[in-house]
Amino acid sequence: MTGRGIGIRVQAYLEKHLTGESIDYRQIIALFIPILIDQAFIVSLGLVNTAMISSSGVAAVSAVNMVDSLNFFMISVFVAVSTGGTVVVAQYKGNGNNEMVSRSAASAVSTVSLLAVAIGLIMTLFAKPLLHILFGQAEPDVASNAHTYMIGSGISFFGIAIVEAVCGALRGIGRTRTSLMLSLIMNLTYVVLNFVMINLLHMGVLGMSIAINVARYSAAAYAIYYMVKKDPNLRLRIRDMVHVNLAMLRKILFIGIPFAAEQMFFNGGKMLTQVFIVSMGTYAIATNAICSSFAGVTQIPANALALTTVTVVGQCMGRQNIADARKFTKSFLMMSSLFLAVMAILLLSLFHPLVSLFHPPAEIVDDIFLITLINALAQIPLWAISFLTPSALRAAGDSKYTSVVSMLSMWLFRIVLGYILGIVLDFGIVGVWAAMNTEWGVRGLLFLRRFYGQKWYKHRLID
C-alpha cells in the first residue's frame, strides 16, 4: 500500500472514532500532544531525579520515596480541587460563556492556593510526628533524610498549587500548549538544579529540597504573569484571584470535594501500603521506588489521554452532547490500552539498561523485573477502565459515584488483600503489587457498568 493510501486510511479512522459534532480529531490531537509531551517530561525527569538521588545511596532514595508517598497524599487534595476547576471551566467553554470561564478560572486559583497553604503548614510544622507515626520502623539515616525532604516539600506546596490550578484552567479551555510551557519551566528548572545540587555540590536530599522550591515558585510566578498579562481572552485580574466567589466555589467543590476525599483515601491507602513495605526493609523500599518509576513511564500516553478526556468530555457536556461524550470515551479507552501495550513492550525490551540507571543492589534486580513484568501485563486490560473511565464520569459531574467506588475498592482490595498477600502469606512486595492490579480490575468493572448506564450524565453542573 502506498503512503498516500495509508494516510487516507488513517484519516478515515480518525474521522470515524475521534470526530463528532462537538469537536473533531484535529482539535483532539492538538489537545493531546502537548499533554503527552508534558506527561513524558514529568515522568522522565522524575526518573532522572530518582536516578540522581540514588547516587547518594539507598538511604536517600528510600527517604525520597517514603516522603513522596506522603506528598502525593497531601498534594492530591488541591490537585483534586484543581480538577474541579478544570471541569467547570471546560463546561462553560463548551457552553460558550466566556465571562464565566474567566470567573471559574480565577476561583480555581484562589481556592487551590488557600488549600495548599494550609496543607503545607501541616507538613512543615508536624514533619517529625507524621514521619514517626507512618515510618517509625525506618532506619535512622533514612528517617533523617526523610525529615529534611518533608520540610522542603511542604514549603513548596503553595508554588505547585498555583501552577496546578492555572494549568487545570488552561486545559479546561483547550490551551494545552500553554500548560505544557508552564510545566516545562517548572520541571526543567527542577532537573537542572537537581543535577547541580546533587551531582556537583553533593548536597543530597537537602539539595533536592532547595531545587524543588526554586523550580515550583519560579513556575508559579510565570503562571500568574501569564494569566494576568499575556492572555487577554481570559481577562483575569489579581483581585479576582484573591477573592473567593462563593457561588463559583460551590460548583468547583461539587466536583472537587468528592474527588479530594477519594484522593485522600486512595493515597492514604497507598501510604498504608508503604508502611507494609517499610516493614520489609530498605531493599523493599528501593524496589518499590524503582518499580513505581517504571510503571509511571509505561503509563505516560494513557495518563495524557485521561487528562484529555476531562477537557473533551467536559466540553461535550457543556453542549449537552451525550453521544459525543460516549463516543470519545470509548475511543480513548481503546487507544489507552493500545498505548499501554506498546509501552510495555518497549520497557521490557530495555529493562536492563534502564534499571542500571538506579544502581540497584544485585539482590533486588530479579524482584524488580518480576514486578515490572506482572504490572506491565496487568495494566493493558485494566488500567484504562480503572483510571480513564472515571475521568469521563467526573467530567460529566458524576463525582460522588467515582469517589465512593475508588475509596471502597482501595481499602477492601488493595489494602486488605495487599496485607494478606504481602505480610500474612509472605509474598512480600510482589504480593503488594499483585493486590494493586486486582483492585484496578474490580473498580474498573464498576466504572464501566456505570458508564454504560444513564445516571452519570444526569447531573446539572452549570446554568
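In the block above lies the structure referred to throughout.
Here's a quick rundown of the structure. Just so we're clear, the structure is a prediction, and the values are computed from it rather than from any experiment. (Residues numbered from 1 in each chain as written. Predicted model: local features only at pLDDT ≥ 70, side-chain atom pairs only at ≥ 80, totals over all residues. Heavy atoms only, no water.)

## Some thoughts on the overall build of the protein chain
Reasoning step 1: Looking only at helices and strands, one finds 17 helices and zero strands in the protein chain.
Reasoning step 2: Per-residue burial over the protein chain gives 57% buried out of 463 residues.
Reasoning step 3: Contacts in the protein chain between residues far apart in sequence, at least 24 positions, make up 84% of those at least 6 positions apart.
Reasoning step 4: Accessible surface, the protein chain: about 18900 Å² in total, of which carbon and sulfur atoms supply 67%. (Helix = DSSP H or I, 4+ residues; strand = E, 2+ residues; numbered from the N terminus. Buried < 20%, exposed > 50% of the residue type's maximum accessible area, 1.4 Å probe, protein only. Contact = heavy atoms within 4.5 Å. Areas by Shrake-Rupley, 256 points an atom, 1.4 Å probe, with all protein chains shown as cover.)

## Looking at helix H13 (residues 322-349)
Reasoning step 1: For H13, with 28 residues, the first-to-last C-alpha span of 41 Å sits near the 40 Å given by 1.5 Å per residue.
Reasoning step 2: With a side-chain oxygen positioned 3.5 Å from the backbone nitrogen of Ala323, the residue opening H13 is Asn321. (Expected span 1.5 Å × (residues − 1). Polar contact = N/O pair within 3.5 Å; in protein donor to acceptor, adjacent residues only side chain to side chain.)

## A short note on empty space enclosed by the protein
Reasoning step 1: Under the definition given, this model contains two cavities of 30 Å³ or more.
Reasoning step 2: Its boundaries defined by the atoms lining it, the second largest cavity holds a volume of some 50 Å³.
Reasoning step 3: Together, Cys291, Phe294, Ala295, Thr298, Leu347, Ile371, Thr372, Asn375, Ala376, Gln379 and Trp433 line the second largest cavity.
Reasoning step 4: Going through the elements one at a time, helix H11 (282-298) and helix H15 (362-395) are the ones with two or more residues in the lining of the second largest cavity.
Reasoning step 5: The element that contributes the greatest number of residues to the lining of the second largest cavity is H15, accounting for five residues.
Reasoning step 6: Its residues placed into classes, the lining of the second largest cavity shows seven nonpolar, four polar and no charged. (1 Å grid on protein atoms, 1.4 Å probe; cavity = no way out; pocket = protein on both sides within 12 Å on 5 of 7 lines; lining within 4 Å. Points joined across faces, edges and corners; volume = space filled by probe spheres on them. Nonpolar A, V, L, I, M, F, W, Y, C, P; charged D, E, K, R; others polar.)

## Quick notes on the environment of Gln263
Reasoning step 1: Here Gln263 lies in helix H10 (residues 246-279).
Reasoning step 2: Sequence separation between Gln263 and Phe72 is 191 residues, and the spatial gap between their C-alpha atoms is 8.9 Å.

## Things to note about unusual backbone geometry
Reasoning step 1: Here Gln320, not a glycine, exhibits a phi torsion of approximately 60°, which is positive.
Reasoning step 2: Along the chain, Gln320 turns up in the loop between helix H12 (300-318) and H13.
Reasoning step 3: Of note, the phi angle at Asp426 is positive, near 65°, even though the residue is not glycine.
Reasoning step 4: Within the secondary structure, Asp426 sits in the loop between helix H16 (399-424) and helix H17 (428-451).
Reasoning step 5: Judged by its relative accessible area of 63%, Asp426 falls in the exposed class.

## What about the side chain of Thr19?
Reasoning step 1: Its place among the elements puts Thr19 in the loop between helix H1 (3-17) and helix H2 (25-54).
Reasoning step 2: Of the residues examined, Thr19 reaches a relative accessible area of 17% and is grouped as buried.
Reasoning step 3: At 3.2 Å, the side chain of Thr19 forms a polar contact with the backbone nitrogen of Tyr25.
Reasoning step 4: Non-local contacts of Thr19, meaning those with residues more than four positions away in its chain, are made with Leu14, Asp24, Tyr25, Lys327 and Phe328.

## A few points about the environment of Ala260
Reasoning step 1: Relative to the elements of secondary structure, Ala260 occurs in helix H10.
Reasoning step 2: Taking the C-alpha atoms as reference points, Ala260 and Val81, 179 residues apart in sequence, are found 6.5 Å from one another.
Reasoning step 3: Every residue in contact with Ala260, bar those within four places of it in the chain, is listed here: Val77 and Ala80.

## Some remarks on the packing of aromatic side chains
Reasoning step 1: This model, assessed by the stated rule, comprises 11 aromatic pairs.
Reasoning step 2: Ring centres 5.1 Å apart and planes at 75° place the aromatic pair Phe351 and Phe369 in the edge-to-face group. Highlighted residues: Phe351 in helix H14 (residues 351-355) and Phe369 in helix H15, separated in sequence by 18 residues.
Reasoning step 3: For the ring pair Phe451 and Tyr452, a centre distance of 5.3 Å and an interplane angle of 75° mean the geometry is edge-to-face.
Reasoning step 4: Residue classification places Tyr452 among the exposed residues on the basis of a relative accessible area of 54%.
Reasoning step 5: Each residue in the set Phe451, Tyr452, Trp456 and Tyr457 is aromatic and connected to the rest through ring pairs, giving one cluster.
Reasoning step 6: When the ring centre of Phe451 is taken as origin, the NZ or CZ atom of Arg326, which lies over that ring, is 5.6 Å away. (Phe/Tyr/Trp six-rings, centres within 6.5 Å; stacked < 30°, edge-to-face > 60°. Lys NZ or Arg CZ within 6 Å of the ring centre and 35° of its normal.)

## Focus on the packing of H10 against H16
Reasoning step 1: Where H10 meets H16, the axes come as close as 8 Å, and the angle between the chain directions of the two elements is 5°. The orientation of H10 with respect to H16, classified from their angle, is roughly parallel.
Reasoning step 2: Tallied by class, the residues present in the contact of H10 with H16 amount to 15 nonpolar, nine polar and four charged. (Axes fitted to C-alpha atoms, helices over the stretch in contact; angles between N-to-C directions. Parallel < 35°, antiparallel > 145°, perpendicular 65-115°, else oblique.)

## Considerations on the nonpolar core
Reasoning step 1: Membership of the largest hydrophobic core comes to 59 residues, with the highest contact counts inside it found for Phe78, Tyr149 and Val166.
Reasoning step 2: If you list the elements that add at least two residues to this core, you get helix H3 (58-95), helix H4 (98-125), helix H5 (127-135), helix H6 (140-172), helix H7 (176-200), helix H8 (204-230) and H10.
Reasoning step 3: Residue contacts for Tyr149: discarding those within four places in its chain leaves Val64, Val67, Asp68, Asn71, Tyr190, Val205, Met208, Ser209 and Ile212.
Reasoning step 4: Ile23, Phe32, Leu305 and Met317 belong to the second largest nonpolar core, which has 35 residues in total. (Core = buried A, V, L, I, M, F, W, Y, C linked by side-chain atoms within 4.5 Å.)

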